[in-house]
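Structural description and commentary
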Amino acid sequence: MRKNILLQLSGIAAISLSLLVGFKAPETAQQHRTENLNNVQTNSLEGAWRLTGATDGTTTIKIVQDGFFTVAVYDQENKRFIGTYGGTYTLSNNQLTQKYEFNTFDSTQVGNAATGKFTLKNNTWQISGLGRKNKANESWERLSKQNTASPLAGTWRITGRERNGEMSTMQQGARKTLKVLSDTRFQWIAFNSETGEFFGTGGGTYTAKDGKYTESIEFFSRDSSRVGMQLSFNYEVKDGRWHHTGQSSTGNKINEIWERITAN
């Protein structure tokens, strides 16, 4: 009888152990609150920001969207492009980590990540330990509210372009052409995230309404004469793809397809 009891107890222990295999402890209330806070902060940061305190006549614009960020520094009045950097970002417990995919100020930073602290209050974003010169503190002011309607706000990667009357598919490798749009501002960037090579960028403000997409160019790295131009195109978003058609500033026909992406 004693042997039977021992066998029964062993069976119960085995069943209990099997139930524990693969068991995942429930998320604590603190973990849940932290995750929700990070999500709220991520959503709150999306949009366009301008660095305050510049005394040299330059403008520094930061666009944050879909886990990506871009920063452009330029002198619009003198049509002078100074530089740009950007990549992906993550948030955790009021810490901001930026991983660089392009950086014209220091290409050796491409592939590296840097972490600093931040606070967000009353549409002012304070960051310490990050920035073009790793300044002790940076203050950014929001340029517009993210709830402003725009069907194109997001991060897009070009995947198709018409050449010689035929639509060709773009290879999806380390070389990328992205366009990051807030509700009112845009920046496109062409770069190689593995080699650190930079091929060009441009940006400014835009509107998108009733199938018409219009850009007002504030900086252009390849040709400063483009600054001040306003270009209009036709657009349509179908199945997550942005169909972009019209004429470039040089008069060439444009027919492109862009797909919306998010940072991993």
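The following refers to the structure shown.

1. Some details on the sheet that holds strand 2 (residues 59-65)
Ordered by their spatial adjacency, eight strands build a closed barrel running 1-2-3-4-5-6-7-8, and the pairing between neighbours is antiparallel. The sheet shows a mean angle of 35° between the axes of neighbouring strands, direction not considered. Here strand 6 (residues 113-121) pairs with strand 7 (residues 124-128) via five bridges, running antiparallel. Each residue of the ladder has a partner; that of Phe118, found in strand 7, is Ile127.

2. What to know about the packing of aromatic side chains
Under the counting rule described, the total for this entry stands at 14 aromatic pairs. Centre to centre, the rings of Tyr85 and Phe105 are 6.3 Å apart; their planes meet at 70°, and the pair counts as edge-to-face. Of this pair, Tyr85 sits in strand 4 (residues 80-92) while Phe105 is found in the loop between strand 5 (95-103) and strand 6, placing the two residues 20 residues apart along the sequence. On the numbers, 5.8 Å between centres and 65° between planes, the contact of Trp188 with Phe220 is edge-to-face. Here Phe220 lies in strand 14 (residues 212-220) and Trp188 lies in strand 12 (residues 185-192), a separation of 32 residues in the sequence. We classify Phe220 as buried; its relative accessible area is 11%. Between the NZ or CZ atom of Arg175 and the centre of the ring of Phe199, over which it lies, the distance is 3.8 Å.

Thresholds, definitions, all that
- Residues numbered from 1 in each chain as written.
- Predicted model: local features only at pLDDT ≥ 70, side-chain atom pairs only at ≥ 80, totals over all residues.
- Heavy atoms only, no water.
- Pairing = 2+ DSSP bridges.
- Helix = DSSP H or I, 4+ residues; strand = E, 2+ residues; numbered from the N terminus.
- Axes fitted to C-alpha atoms, helices over the stretch in contact; angles between N-to-C directions.
- Phe/Tyr/Trp six-rings, centres within 6.5 Å; stacked < 30°, edge-to-face > 60°.
- Buried < 20%, exposed > 50% of the residue type's maximum accessible area, 1.4 Å probe, protein only.
- Lys NZ or Arg CZ within 6 Å of the ring centre and 35° of its normal.

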